[in-house]
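In case you want the letters, here they are:
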Amino acid sequence: MSAAPPPSFRIPPLVDLARRDLAVVWHPCTQMHDHETLPMLPIARAEGAWLEAADGRRWLDAVSSWWTNVLGHRHPRIVAALKDQLDRLDHVMLAGMTHAPAVALAEALVRVAPAGLTRVFYADNGSSAVEVALKMSFHCWRNRGRPMRTKFIALEGGYHGETLGALSVTDVALYRSTYAPLLFEPILAPSPDAYRREPGCTPAEHAQRRLADMRALLARHAHETCAVIVEPLVQCAGGMRMHDPAWLTGLRTLCDEHEVHLIADEIAVGFGRTGTLFACEQGGISPDFLCVSKGLTGGTLPLSAVLTGDAVYDAFYAQHAAGKAFLHSHSFTGNALACRAALETLAVLEDEPVLERNRGLAAHLATRIAPLASHAHVADVRQTGLIAAIELVADKTTRAPFAPTDRRGLRVYRHGLERGVILRPLGDVVYFMPPYCVGTDEIDLMVDVAIEGIALATR
Ligand SMILES: *Cc1c(COP(=O)(O)O)cnc(C)c1O
């Protein structure tokens, strides 16, 4: 008989959670002082698109728990797969050993990914996948006798995570500027972001102009550049900025012409979010490296993967050659539970008409947000698949932003909490990124609440 656990190891009573939290937990992406007046939501349960507190309060998870929860919380098939996996194998190191979920998932990823991606390297979160892709690209050129290639081209407004390497290729001041002295400097290319196009210029023309900039950058820097890293179709954390798919097509051609790798960071946009399983498909391209995480496990467990092709893999394959092998390891690389959850997520995406249903939901969302375009403080309403964003500005004609200290987005967030919808604007960009299990009534609710919040916040 085991004794009762000491009080500090017991799960606390849910009613007391928010107070005890503030005494010990340091939250991500948060000025803790803000929570002197705004209690943390004590989440006790989740199901489908909904989060619930112990006292019965409910919130619609309109941002898919930081974009991870693509199929809805506690999807029955993923829950069953995880219970089964727990009875077989929890975790084992992936050096010198393998297991069925790691192999089956790699096979499945290779089958569904863009052509030519034949090898899967596992890591355990999005930022570490980006670190892997950066190191692998650099090391590949080094193994091929081109060690002078040490630089990366990244986009203005891009986001690739917050570990030091991933943060180096990130261009979002909020996350980057404080740590700039610790980071390496990428070569920054102007973004194809259609919001930034000059008046009278179409998104397609804008994409061609930005390709011209990229051509010039590559002409000057290709000899010292390992790779160009991009978020295909939507620069998410940078404010849900979207671009024409033709830009991806042109970028692939330019990278080939200059023999530079293309890294597609689909950590946020992968697994059906943009209307296709991978965003790269819409540009008709295959990258040299594809980074996936977030939706990979259906939002249940941390896992990431970097897919690459035979050409890269072969550059590392050698007998008795010091320094040739790719040495990058995380303790939880290829965790069996996480791989099993991911495998089931892919099975659901394959067995059920998820992408087809998403197209219907996206069309409904588009009709619901369209009227916001005429709002006096809305400069742009944009959408790619099941990502929609509303750009709030002080002046609609000049697109001058509100003063950051106004924190208009925060007011929308607070209104959402009161009305039972989790909207977590990025600055003054209010966006929707719901789990694919939502119904049109839930889309109506989140849009109605956002419209109310925007009215209050821009008064
Ligand atoms: C979230 C995100 C990352 C980082 O993933 P983490 O798991 O948070 O480290 C990298 N790239 C993109 C595009 C992301 O949206």
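Since we're looking at a predicted model, the values are computed, not measured.

Turning next to the pattern of salt bridges. For the structure shown, the criterion picks out 30 salt bridges. Measuring nitrogen to oxygen at the nearest pair gives 2.9 Å for the salt bridge that ties R340 to D84. Taken together, the residues R340 in helix α11 (residues 336-351) and D84 in helix α3 (residues 76-86) connect sequence positions 256 residues apart. Judged by its relative accessible area of 27%, D84 is partly exposed. Bridged by salt links that share partners, the residues E156, D193, R196, R241, D380, R382 and E391 form one connected network.

What follows is about the sheet that holds strand β15 (residues 429-432). Within the open sheet, the three strands sit side by side as β13-β14-β15. Their pairing is antiparallel. Strands with a single pairing partner mark the edges of an open sheet, and in this sheet they are β13 (378-384) and β15. Neighbour to neighbour, the strand axes of the sheet diverge by 15° on average, direction disregarded. Direction of pairing for strand β14 (residues 387-392) relative to β15: antiparallel, over a ladder of four bridges. Looking across to β15, one finds that A388 is bridged to F432. Each of β14 and β15 touches helix α14 (residues 440-457); the most contacted strand, β15, lies at about 170° to it.

What describes two packed helices is the angle between their axes and the distance between those same axes. Remark: helix α8 (residues 203-221) packs on helix α9 (residues 245-257), axes separated minimally by 10 Å, with the N-to-C direction vectors making an angle of 20°. It follows that α8 is roughly parallel to α9 by the angle criterion. For α8 against α9, the interelement crossing comes out right-handed. Residues A207, Q208, R210, L211, M214, R215 and L218 of α8 pack against A246, W247, G250, L251, L254 and C255 of α9.

Before going further, it helps to spend a moment on the domain arrangement of the chain. Domain assignment breaks the chain into domain 1 (79-351) and domain 2 (354-458). Just the C-alpha atoms count here: the centres of domain 1 and domain 2 sit 28 Å apart. Note on domain 1 versus domain 2: buried area summed over both sides is about 1,700 Å², and carbon and sulfur give 62% of it. Summed over the three residues of domain 1 that lose the most area to domain 2, namely Y195, M240 and R273, the buried surface amounts to 46% of that side. Linking domain 1 to domain 2 there are one salt bridge. One salt bridge connects E391 with R241, and the closest N-O pair in it is separated by 3.2 Å. Of all the secondary structure elements, the ones that give two or more residues to the side of domain 1 that touches domain 2 are β9 (241-242) and α11.

Below, the discussion takes up unusual backbone geometry. Backbone geometry places L233, a non-glycine residue, at a positive phi of 70°. Mapped onto the fold, L233 is located in the loop between β7 (225-230) and β8 (234-235). With phi around 25°, K294 is a residue other than glycine that occupies positive phi space. By secondary structure assignment, the location of K294 is in the loop between β11 (289-292) and β12 (304-308). Its relative accessible area of 24% is what places K294 among the partly exposed residues.

With 16 residues, α11 extends 22 Å between its outermost C-alpha atoms, agreeing within 8% with the 22 Å of an ideal straight helix rising 1.5 Å per residue. Within the sequence span of α11, burial applies to A336, L337, A338, C339, R340, A341, A342, E344, T345, L346, V348 and L349. Two or three places before L337, at the opening of α11, N335 has a side-chain oxygen 3.1 Å from that residue's backbone nitrogen.

Within the fold, R210 resides in helix α8. Exposure remark for R210: the relative accessible area of 15% places this residue in the buried category. Aside from chain neighbours lying at most four places away, what touches R210 is P190, S191, P192, E198 and W247.

Let's shift gears to the sheet that holds β11. Spatial strand order, β4-β12-β11-β10-β7-β5-β6: seven strands in an open sheet with mixed pairing. Of all strands in the sheet, those with a lone pairing partner are β4 (119-123) and β6 (187-189), marking the two edges. Direction aside, the axes of adjacent strands within the sheet are offset by 20° on average. Two elements, β11 and β12, share four bridges in a ladder whose sense is antiparallel. Each bridged residue has a counterpart across the sheet, and for V292 the counterpart in β12 is A305.

About the thresholds
Residues numbered from 1 in each chain as written. Predicted model: local features only at pLDDT ≥ 70, side-chain atom pairs only at ≥ 80, totals over all residues. Heavy atoms only, no water. Salt bridge = Lys/Arg side-chain N within 4 Å of Asp/Glu carboxyl O. Helix = DSSP H or I, 4+ residues; strand = E, 2+ residues; numbered from the N terminus. Buried < 20%, exposed > 50% of the residue type's maximum accessible area, 1.4 Å probe, protein only. Pairing = 2+ DSSP bridges. Axes fitted to C-alpha atoms, helices over the stretch in contact; angles between N-to-C directions. Contact = heavy atoms within 4.5 Å. Parallel < 35°, antiparallel > 145°, perpendicular 65-115°, else oblique. Left-handed = near helix turned anticlockwise from the far one by under 90°. Domains from an automatic or database assignment. Buried area = accessible area lost by both parts, 1.4 Å probe. Expected span 1.5 Å × (residues − 1). Polar contact = N/O pair within 3.5 Å; in protein donor to acceptor, adjacent residues only side chain to side chain.

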